[in-house]
Amino acid sequence: MQLDLNLLTALDALLEEGSVTDAAARLHVSTPAMSRTLGRIRRATGDEILVRTGRTMTPTPRALALRATVHDLVQQARSVLSPHTDVDPATLDRTFVLKWHDALAAAAGPALFHSLRAQAPGVRLRFLAEATTDTHDPRRGDVDLEAGAGAPASPEIRHEIVGHDRLVLALRPAHPLCRGRLTLEDYAAAEHITVSRRGRLRDPIDDALEALGMSRRVVVAAPTNATALQFVRRHDLVAAVPRIVSRPALADLGLRSLPLPLTMPAIPIHLAWHQRYDNDPAHAWLRAQVRIALHDACDPTDDDTAEHADSPGPD
């Protein structure tokens, strides 16, 4: 049998997109042409590869088993057939799209921009906010890097943990909780604001309090940390926010931060990108710069006690 290596490229696109139409658009061919190619792949493998389930197509067990191998083969072929040169940042002319949590963008974005401007003046950055529904998706190639607390679920998305953060309480200086020692009972009795893009009035803190037989009163939900801190600035509300990445906003708004009188797990900071960028020299350079910026923003070397020596601690 004569082997057509072009089928591997098509199979890779089909398995990533899960759609004949989307795979065709990705490879710049017509949908009927991609449909015929799928037929050839089915005959070559003796497997349906993708089967229709309602309005979508689902990969078969054989397709799922082949996905990683097929992608690696395609990447290796591209590496062999394309010159792999080191990128020169000074001559790089490219726009990178970064989809980051707003607090991370505020904490690490300016430092990243400063570094890129010094090394690669031709590079432009587009920061996109996280959203509950968004047309921007790394799998379609329109997002270069995502950064946030959540780990991606798709197997074709690479990710790594570049740092950790933890929750602290944000309050205005005149808040009653800033006087005296903060107890868990006083904390629970205060009025609270949650940060939720979906407007949820409950988060994991409520689960931790319930485990201790306690509850709190959440009176408002804000979509972002920045919005929540504006509420805190004007009202006697308490917000639990990531300490390190919220530090610039806390300082700019003149807010106080207190340790959370409750044990909560550390917050991982994930950096994620699509595997198609693994061998892209410019993208690899960008990832290195972003790692530095995020690591510096999440570096917990400063001391809480020194920073808030006059802040009351929990019992």
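Everything that follows concerns the structure shown earlier in this document.
Only a predicted model underlies this, so the values are computations on that prediction, with no experimental measurement involved. (Residues numbered from 1 in each chain as written. Predicted model: local features only at pLDDT ≥ 70, side-chain atom pairs only at ≥ 80, totals over all residues. Heavy atoms only, no water.)

## Some details on the sheet that holds strand β4 (residues 123-129)
Strand pairing in a sheet relies on backbone hydrogen bonds. The paired strands run either parallel or antiparallel.
Here's step 1: Spatially, the 5 strands line up as an open sheet ordered β4-β3-β5-β12-β6, and their pairing is mixed. In this open sheet, the two strands that pair with only one neighbour each are β4 and β6 (157-165). Sheet twist, expressed as the average angle between the axes of neighbouring strands with direction ignored, equals 20°.
Here's step 2: Pairing analysis gives 7 bridges linking strand β3 (residues 94-100) to β4, with the strands arranged parallel. If you follow Arg94 over to β4, its bridge partner there is Val123.
Here's step 3: Most of the contacts of helix α10 (residues 281-297) go to β3, to which it runs at about 40°, and overall it touches β3, β4, β5 (145-148), β6 and β12 (267-274). (Pairing = 2+ DSSP bridges. Helix = DSSP H or I, 4+ residues; strand = E, 2+ residues; numbered from the N terminus. Axes fitted to C-alpha atoms, helices over the stretch in contact; angles between N-to-C directions. Contact = heavy atoms within 4.5 Å.)

## Describing the sheet that holds strand β7 (residues 167-171)
Here's step 1: Ordered in space as β9-β8-β10-β7-β11, the 5 strands form an open sheet in which the pairing is mixed. Across the chains shown, the open sheet's two edge strands, defined by having one partner strand only, are β9 (217-222) and β11 (256-259). When the angles between neighbouring strand axes are averaged without regard to direction, this sheet yields 35°.
Here's step 2: Summarising the sheet, β7 and β11 pair through 4 bridges and their orientation is antiparallel. Residue Ala170 lies in a different strand from β11, and its bridge partner there is Ser257.
Here's step 3: Packed on one face of the sheet, helix α8 (residues 225-234) meets β7, β8 (191-195), β9 and β10 (237-242) and runs near 150° to β10.
Here's step 4: Seen against the sheet, helix α9 (residues 243-253) touches β7, β10 and β11 and runs at an angle of roughly 125° to β10.

## Quick notes on the packing of aromatic side chains
In this description, a pair of aromatic rings is defined by centroid distance and the angle of the planes.
Here's step 1: Throughout the structure, instances matching the rule amount to 1 aromatic pair.
Here's step 2: Both rings, one in Trp100 and one in Phe127, keep their centres 5.3 Å apart while their planes meet at 80°; by these two values the pair is edge-to-face. With Trp100 in strand β3 and Phe127 in strand β4, this pair connects stretches of sequence that are 27 residues apart.
Here's step 3: A relative accessible area of 1% places Trp100 in the buried class.
Here's step 4: Judged by its relative accessible area of 34%, Phe127 is partly exposed. (Phe/Tyr/Trp six-rings, centres within 6.5 Å; stacked < 30°, edge-to-face > 60°. Buried < 20%, exposed > 50% of the residue type's maximum accessible area, 1.4 Å probe, protein only.)

## Some details on helix α3 (residues 31-45)
Here's step 1: For α3, which comprises 15 residues, the first-to-last C-alpha distance of 21 Å matches the rise-based estimate of 21 Å (1.5 Å per residue) to within 8%.
Here's step 2: Within α3, burial applies to Met34, Thr37, Leu38, Gly39 and Ile41.
Here's step 3: On its buried side, α3 packs onto α1 (6-17) and α2 (20-27).
Here's step 4: With its phi angle positive at about 70°, Gly46 sits one or two positions after the end of α3. (Expected span 1.5 Å × (residues − 1).)

## Some words on the environment of Glu48
Here's step 1: If you trace the backbone, Glu48 turns up in the loop between α3 and β1 (50-53).
Here's step 2: On a C-alpha basis, the gap between Glu48 and Ala63 in space is 8.4 Å, while along the polypeptide they are 15 residues apart.
Here's step 3: The contact partners of Glu48, leaving out residues within four places of it in the chain, are Leu38, Arg42 and Thr60.

## Remarks on the pairing of β9
Here's step 1: Across 5 bridges, β8 lies against β9 in parallel orientation. Each bridged residue has a counterpart across the sheet, and for Ile193 the counterpart in β9 is Val220.
Here's step 2: In this view, the connection linking β8 to its parallel neighbour β9 by way of helix α7 (residues 204-211) has right-handed handedness. (Right-handed = clockwise from strand over helix to strand, strands pointing away.)

## Comments concerning the packing of helix α5 (residues 102-119) against α10
Each pair of packed helices gets described by two things: the angle between the helix axes and the distance between those axes.
Here's step 1: Running from N to C, α5 and α10 point in directions that differ by 135°, and their axes come no closer than 9 Å. Classified by the angle their axes make, α5 and α10 are oblique. When the axes of α5 and α10 are compared, the crossing they make is right-handed. Contacts between α5 and α10 involve Leu104, Ala107, Ala108, Leu112, Ser115, Leu116 and Gln119 from the former and Trp285, Leu286, Gln289, Val290, Ala293, Leu294 and Ala297 from the latter.
Here's step 2: Residue composition of the contact of α5 with α10, by class: 11 nonpolar, 3 polar and no charged. (Parallel < 35°, antiparallel > 145°, perpendicular 65-115°, else oblique. Left-handed = near helix turned anticlockwise from the far one by under 90°. Nonpolar A, V, L, I, M, F, W, Y, C, P; charged D, E, K, R; others polar.)

Spatial relationships are all this shows, so hold off on functional conclusions.
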